[in-house]
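Letter by letter, the chains look like this.
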Amino acid sequence: MRGEGKKGFSTTAVHGGEEPCPVTGAHAVPIYQTSTFVLGRELPPRYVYTRHGNPTQEVLEKKVALLEGGEAALATASGMAAILVSLLALVEKGRKVGCSLAVYGGTYALARNLLPRLGMEVLMFDPRRREEVERVLGMGAEVLFLETPTNPTLDLVDLREVCGLAGEHGAKVVVDNTLMTPYYQRPLELGAEVVVHSATKYLCGHGDSLGGVVVGRRELVEEARRMLVLTGGAISPFNAWLIVRGIKTLPLRMERHSRNALRVAEFLSSHPRVKRVSYPGLPSHPQHGLARRQMRGFGGMLAFELEGGMEEAYRMMEGLELVKCAVSLGDVSSLIEHPASMTHRSLPEEERERIGIGEGLMRMSVGVEDAEDIIGDLEKALGALG
Ligand code: LCS
């Protein structure tokens, strides 16, 4: 990860894309909380209007581009905006795009309901199965969109294999790297064309702002920027600043999230009320070998299944005190949710079942609290199920 003349990841997380303010010498990044910029004779002007670009947004863009190892990046108002403009930049009207079934429910709904209205032909597929990847490529998909690990089931997609197959067909792969972050996984190095993020999650890290990022080659990012200017998904300078601040501690937080998640996964695996635990860091995960090759750590997300279905899932969540029932993830606080009725309710039941989202499945974003306290809370709530 350390190239000629390049700094290490943690140094880049703290300093990348930043320089002292040339006017005041301020060391911390200034928040340019302005919608517009006074114009002179300079053509083209450096900044015009915050929907087109803003110096605080630019720091976030440069930092994430460096961390992902991409040429350029675009900051957006949310992860959904990042996904939309990256696909608008890559897929022409009438062309085909393959979208993984195993993605965040909002992404699924975007692919099913909005992209076809914009003239794209969407082919849903399961990227964990080689024959399905070959099927959609054979049908003419020019772009494949996927997440790994998948949300909420924490299955993995072999990025080298899928990007290799796509390359043989002249197709490009867009990877949503929200769950792992560039600290643990760098898809561009494995052959992806574009990386997108919901920066709302681990990049921000504190659950207090929405944001997104698109990373890739400069021309592609500039085309995504043109799409963003037209669709209006600019990030507010204050949210960009919160995410810049969050990224400074990304390596520290990811290590703690990961360590805590492994302990929680081990605890849940040994609990009699729990049928199955999915965490890439557990040797029992069917793709643990791939996880070790493809990722530098295992992250803070896990999924587990209760014997008693939805009723038991809700009873368990009601018994928790420290761990909060909420959607979203990547927060310093531990969060838990029920995908079938919350994040993934937009999927038809048969598609939910196909990708492993049963009525008893719970998704947990393990926070950075003391592991003993998180486990104590889970133990009490599971114990109360009787
Ligand atoms: N990609 C992934 C992997 C996500 O988990 C989410 C949101 C998005 C993109 C969209 O990002 P946003 O626009 O919200 O910044 N995931 C959520 C979740 O799991 N629960 O609530 C939101």
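Residues numbered from 1 in each chain as written. Predicted model: local features only at pLDDT ≥ 70, side-chain atom pairs only at ≥ 80, totals over all residues. Heavy atoms only, no water.

Asks: Can you help me understand the overall build of the protein chain in this one?
Replies: Along the backbone of the protein chain there are 14 helices and twelve strands. In terms of overall size, the protein chain behaves like a compact globule, its C-alpha atoms giving a radius of gyration of 21 Å where 386 residues would be expected to give roughly 21 Å. Dimensions of the protein chain, computed from the C-alpha atoms along their principal axes, are close to 75 × 50 × 40 Å. Each of the 386 residues in the protein chain was classed as buried or not, and the buried ones make up 58%. Taking the intrachain contacts of the protein chain between residues at least 6 apart in sequence as the baseline, contacts between residues at least 24 apart amount to 71%. Surface summary for the protein chain: the accessible area is close to 16,500 Å², and the carbon and sulfur share equals 51%. Charge-centre separation for the protein chain: the mean point of 44 positive side chains lies 4 Å from the mean point of 48 negative side chains. (Helix = DSSP H or I, 4+ residues; strand = E, 2+ residues; numbered from the N terminus. Rg over C-alpha atoms; globule rule 2.2 N^0.38 Å. Buried < 20%, exposed > 50% of the residue type's maximum accessible area, 1.4 Å probe, protein only. Contact = heavy atoms within 4.5 Å. Areas by Shrake-Rupley, 256 points an atom, 1.4 Å probe, with all protein chains shown as cover. Lys, Arg positive; Asp, Glu negative; His and termini not counted. Charge placed at Lys NZ, Arg CZ, Asp CG, Glu CD.)

Asks: I keep staring at helix 8 (residues 218–231) and nothing clicks. Help me out?
Replies: Because each turn of an α-helix spans 3.6 residues, side chains separated by three or four positions in sequence point in the same direction. With 14 residues, helix 8 should reach 20 Å at 1.5 Å per residue; the first-to-last C-alpha distance of 20 Å fits that figure. Within helix 8, the full set of buried residues consists of L220, V221, A224, R225, M227, L228 and V229. As for helix 8, its buried residues are in contact with helix 2 (55–68), strand 1 (72–76), helix 3 (79–90), strand 6 (194–198) and strand 7 (212–216). (Expected span 1.5 Å × (residues − 1).)

Asks: Hey, could you run me through a negative patch on the surface in this one?
Replies: On the surface, E349, E350, E353 and E359 cluster together into a patch of negative charge. Mapping E349 onto the fold places it in helix 13 (residues 349–354). (Patch = residues over 30% accessible without salt bridge, like charges linked within 9 Å, V, L, I, M, F, W, Y side chains within 5 Å. Salt bridge = Lys/Arg side-chain N within 4 Å of Asp/Glu carboxyl O.)

Asks: Is there a simple way to explain a nonpolar patch on the surface in this structure?
Replies: Taken together, the side chains of L39, V48 and Y49 present a nonpolar region at the surface, about 260 Å² in accessible area. Turning to its location among the elements, V48 is positioned in the loop between helix 1 (9–15) and helix 2. Judged by its relative accessible area of 35%, V48 is partly exposed.

Asks: Mind showing me how you'd approach the environment of T200 here?
Replies: With respect to the helices and strands, T200 occurs in the loop between strand 6 and strand 7. Taking the C-alpha atoms as reference, T200 lies 30 Å from L382; in sequence the two are 182 residues apart. In this structure, T200 is in contact with S209, L210, G211 and S328, ignoring residues within four places of it in sequence. Here G211 takes part through its backbone nitrogen, which lies 3.1 Å from a polar atom of the side chain of T200. (Polar contact = N/O pair within 3.5 Å; in protein donor to acceptor, adjacent residues only side chain to side chain.)

Asks: What should I look at first to understand the site of the ligand in this one?
Replies: Not every one of the 19 residues close to the ligand is listed here, only the nearest: D176, S198, T200, K201 and R363. Within the contact set of the ligand, a nitrogen atom lies 2.8 Å away from a backbone nitrogen or oxygen of S328. Protein coverage of the free-state accessible area of the ligand, which is 480 Å², stands at 92%. Take the shell around the ligand: its biggest share by element is three residues, from helix 3. Its residues placed into classes, the shell around the ligand shows six nonpolar, nine polar and four charged. Taken domain by domain, the shell around the ligand gets at least three of its residues from each of domain 1 (9–247) and domain 2 (250–383). (Near = heavy atom within 4 Å. Nonpolar A, V, L, I, M, F, W, Y, C, P; charged D, E, K, R; others polar. Domains from an automatic or database assignment.)

Asks: Looking at this model, I keep getting lost on the environment of R345. Mind explaining?
Replies: Position of R345 relative to the elements: it lies in the loop between strand 11 (335–337) and helix 13. The class for R345 is exposed, based on a relative accessible area of 63%. Residues R345 and G297 lie 48 residues apart in sequence; the distance between their C-alpha atoms is 29 Å. Once you skip the residues sitting within four places of it in the chain, R345 turns out to touch P339, A340 and R352.

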